[in-house]
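Below are the chains, spelled out letter by letter.
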Amino acid sequence: MRRHLPLLTLAALLAALLGLAPLTPPAAHAAPAPGAASEAAPAGAGDQPYASYWHPNTILNWDPATDPDARFNRSRVPLRPRFTDPALKANANARAGEGKIASLVSFGPTSNNPSQGSTNPHYYAFGHWQYIDKLVFWGGSASEGLILAPNATVIDAAHRNGVKVYGTVFFPPTAYGGQIQWVRDFAQKSGSTYPVADKLAQVAQYYGFDGWFINQETAGGDAALATELRNEMRYARSLGPVEFMWYDAMTESGAVSWQDSLTSANDSFLQEGAQRTSDSMFLDFGWSASGLSSSRTLARGLGRSEYELFAGIDTEANGSNTSVPWASVFPAGQPHVTSLGIYRPEWTFTSSSGRADSHAREARYWDGANADPSNTTTTSAWKGLAHYVPESSAITAKPFVTSFGAGQGDFYHSGGVRVSSTGWNNLSLQDVPPTYRWLVTSTGSKLTPSIDFADAYEGGSSLRLTGTLDAVNTVRLYQTKLPVAADTKLSVVLKTPAAGPTRLKAAVSFTDAPTAFTTLDLGSTTTTGWERRTLDLSAFAGRTIAQIGLEAAGSVPSYDIRVGQLAVHDGAVDSAAAPTGVTVLGATDTSATAKSLRLAWTPSVSGSVHHYEVYRRNADSSRTFLGATPNDALFVPRLDRAGTETSTTLDVEAVSTEYGRSPAATTTVAWSPGGTESNLALGRPATASGQCNANETPAKAVNGTVSGGTTDKWCTTTSAKWLEVDLGAVRSLDRLVVKHAAAGGENAAWNTRDFTLQVRGSTADPWTTVATATGNTAASTTHPVGRTARYVRLDITRPTQTTDPAARIYEVEAWGS
């Protein structure tokens, strides 16, 4: 994509020398050979699977039967229908049935992007699906691969919300590594077929996504090549349900010339006579009011909707501070001129200082300055996307269950019980987010809803309502179309800080009076744990639920309540049959006492499955959660050996769409005899960038204790802050543990905020980064390694949560054998 020259920076120029395009996604740490991600893991290994990427000639060799990662990249969530009820839009200015939003998002680098999430809870877990129509999984680079398929987690989350997902085909400018031969390879023809197009359709259909975004910016083409690209898209569309969005760069002459509008120079890439070439077009960022107006006229003249044109805005650098001529695309009080295409909305995450800041920025970006989509009043030109586009919902069928899961967390709960204390991200497990973020009405003080990561009933988060309760508060949450039958139930799981009145009611409205709520009292709690209330809706049989919300009433100075689950279902909670044939496809020893695994199973033969959960059985009869997926295959990043056990039993159970649980199917994983783990850094030679005083030496960070007072640490105020430990020989490293200021009893505000951990085998080797922490607040952090090394390095970039310049490290531990 084009970035105007005044915005080019030294970093962009450096990227040019490295063969990267000016707006490519973040470069990978290493650049494998083209197509390597599809071929990285040999059959039978238990290594991490990654999202697929190729060059035009390497995709011709792709076959899901021989690609060991392919099975892990499949989405099992079909695209759900969605609707918009104009009577229920939050913002009076938003216009239903007009302009839509396409979002071009980089969720990770082109290579080394895990297929099914990871153990890093610091992740862009997008939560405003209700405002977008299409998501482009943005990526691709000359050095890695030009064709990038989305990973399964993004497809799963998008499809649950009725949002289509496109992969990316990216041909970079010549200055950034582009080669016109790659474009010719892409458009190669064999008889009456286009072999690469055959593969594009096969990949989309096998992985379960909806189409491709074509970004052709490589110079050197001609009219014949441009014609072949148009013919190829039409051919691919004929192969089945695969769509294309064309980016405004290459023109019909074959030259790269951004039009910033639909013109006679590029219109045949949208429509050519009676032939539909692509399904939509992304117009480059330099558009004007007159250009969009003429684009609308031309689109209509071609028999196409102006809303199949997406006027692009680039928010990668400035996010909600980006200057946009909104009136040119969304004029106040008038029909929208075109749709809107957003480049890199993940600025809300990449620019943030942590999760809370990221959520605040996302609210500002989508909901407006007041974190209320109904009130976008602000002096800023950026009013929020909710100001222009009404909310859509894919909640059109029962059962509907949400535990307010964000697709990430610092732990994992099952039925309110903590079954894992490991952080994670996995958008496949994200629940449909609330339609309205947030919409609260009150004649007094307004309560504050939030997604809370401190407690959960299922997964890693819940809904929390806090604030001063001094009047009736109505919290609108979900827009729905759920028919009520004679046995329909509304279930609410909640938790209060103390047993007693909840002062909370479930609130539902119906399509025959969509803005009028009927409330059902949730009563009192008898404990401080999670409690379920199941409400009978049979009195409303024959009607259709239009909204689901909550109503709080009473007088409480500090009201605080968590909602762990909302569900609408018929009859008793249904379960699915157990999966069968659980198989360990491969295992890789990451240390003497840990493995990574690839598992697979035969799906349940009956019942509707939301996802499968995998656990290890423990000696005390408890279980530890290892991961979950809607798929029939799962990568387990870490299975720890308990003591000297010779085998570990794994359970796989199906969780139904009503959250009933099947019996477990099992398999076992064997361990080799022997194998012990120890802290290899203990007492080893340590060096550092400096020290605060004579008592706070690097040796204090490897002395095995944190209890010796404030001098039992390494401390430094040097501008570059690093510590290195020599393990004495190349050893097998399992994990690194860093104990920060609060581990030694000091102020938690002095815990190290941003740092990296690196290893190498010898002083002649380059350092390899094995962990990066950003926004850490914990007193002790654990970082899996799974490789051999002799030297360990801690590199600190932000030493505290404040402006205090001192790094305080009480211990660095290197566990392995």
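Before reading on, note that the structure itself is shown above.
As a starting point, this report considers the structure included with it.

About the thresholds
Residues numbered from 1 in each chain as written. Predicted model: local features only at pLDDT ≥ 70, side-chain atom pairs only at ≥ 80, totals over all residues. Heavy atoms only, no water. 1 Å grid on protein atoms, 1.4 Å probe; cavity = no way out; pocket = protein on both sides within 12 Å on 5 of 7 lines; lining within 4 Å. Points joined across faces, edges and corners; volume = space filled by probe spheres on them. Nonpolar A, V, L, I, M, F, W, Y, C, P; charged D, E, K, R; others polar. Pairing = 2+ DSSP bridges. Helix = DSSP H or I, 4+ residues; strand = E, 2+ residues; numbered from the N terminus. Axes fitted to C-alpha atoms, helices over the stretch in contact; angles between N-to-C directions. Buried < 20%, exposed > 50% of the residue type's maximum accessible area, 1.4 Å probe, protein only. Phe/Tyr/Trp six-rings, centres within 6.5 Å; stacked < 30°, edge-to-face > 60°. Expected span 1.5 Å × (residues − 1). Salt bridge = Lys/Arg side-chain N within 4 Å of Asp/Glu carboxyl O.

Some points on empty space enclosed by the protein
Using the criterion set out here, one finds 3 cavities of 30 Å³ or more in the structure. Each pocket or cavity is described by its volume, and for the largest cavity that value is around 90 Å³. Considering the residues around the largest cavity, the lining is formed by S403, G405, Y412, W424, L429, D431, E458, G459, H611, E613 and Y659. Residues that form the lining of the largest cavity fall into these classes: 4 nonpolar, 4 polar and 3 charged. If you add up the space inside the second largest cavity, you get close to 70 Å³. What lines the second largest cavity is R82, W129, Q130, N161, S392, S393, A394, V432, P433, P434 and T435.

A few points about the sheet that holds strand β30 (residues 580-591)
What the 3 strands build is an open sheet, ordered β30-β31-β34; its pairing is antiparallel. With one partner strand each, in any of the chains shown, β30 and β34 (633-640) form the two edges of the open sheet. Strand after strand, the sheet turns through a mean of 20° between neighbouring axes, direction not considered.

A short note on unusual backbone geometry
Residue P399 is reached from K398 by a cis peptide bond, and omega for that bond is 0°. Tracing the sequence through the fold places P399 in the loop between α11 (355-366) and β13 (400-402). Cis peptide bonds are those with omega within 30 degrees of zero, and the linkage from R437 to W438 qualifies with -10°. As for its placement among the helices and strands, W438 is situated in the loop between β17 (424-425) and β18 (439-442). Although it is not a glycine, N112 adopts a positive phi angle of roughly 60°. Structurally, the position occupied by N112 is in the loop between β2 (101-105) and β3 (134-137). Its relative accessible area of 35% is what places N112 among the partly exposed residues. Phi at S621 is positive, roughly 80°, even though this residue is not glycine. With respect to the helices and strands, S621 occurs in the loop between β32 (609-617) and β33 (623-629).

Focus: the packing of aromatic side chains
Scanning the entire structure with this criterion turns up 37 aromatic pairs. Taken together, a centroid distance of 6.0 Å and an interplanar angle of 70° make the contact between W62 and Y206 edge-to-face. Here W62, found in the loop between α3 (56-59) and β2, pairs with Y206, found in helix α6 (residues 195-207); they are 144 residues apart in sequence, far enough to count as distant. According to the relative accessible area criterion, W62 is buried, its value standing at 3%. With 6.1 Å between their ring centres and 55° between their planes, Y247 and F282 make a pair best called tilted.

Section: α6
Taking 1.5 Å per residue as the helical rise, α6 with its 13 residues ought to reach 18 Å, and the 18 Å between its terminal C-alpha atoms agrees with that figure. Along α6, the residues classified as buried are P195, V196, A197, K199, L200, A201, V203, A204 and Y207.

Looking at the pattern of salt bridges
Counted by the stated rule, this structure contains 45 salt bridges. Across the salt bridge formed by E243 and K164, the nearest N and O atoms sit 2.6 Å from each other. With a gap of 79 residues between them, E243 in strand β7 (residues 243-247) and K164 in strand β5 (residues 164-171) connect regions that are remote in the sequence. Of the residues examined, K164 reaches a relative accessible area of 25% and is grouped as partly exposed.

Digging into the sheet that holds strand β24 (residues 504-510)
For sheets, the rule is that strands pair by backbone hydrogen bonds, running either parallel or antiparallel. Overall, antiparallel pairing links the 5 strands, which are arranged β18-β21-β28-β24-β25 in an open sheet. Because the sheet does not close on itself, it has two edges, and the strands there are β18 and β25 (513-521). Recorded for the sheet is a direction-independent mean angle of 30° between the axes of neighbouring strands. With 5 bridges connecting them, β24 and β25 associate as antiparallel partners. From the neighbouring strand, A506 faces β25, where its bridge partner is L520.

Bear in mind that shape data such as this cannot, by itself, settle questions of function.
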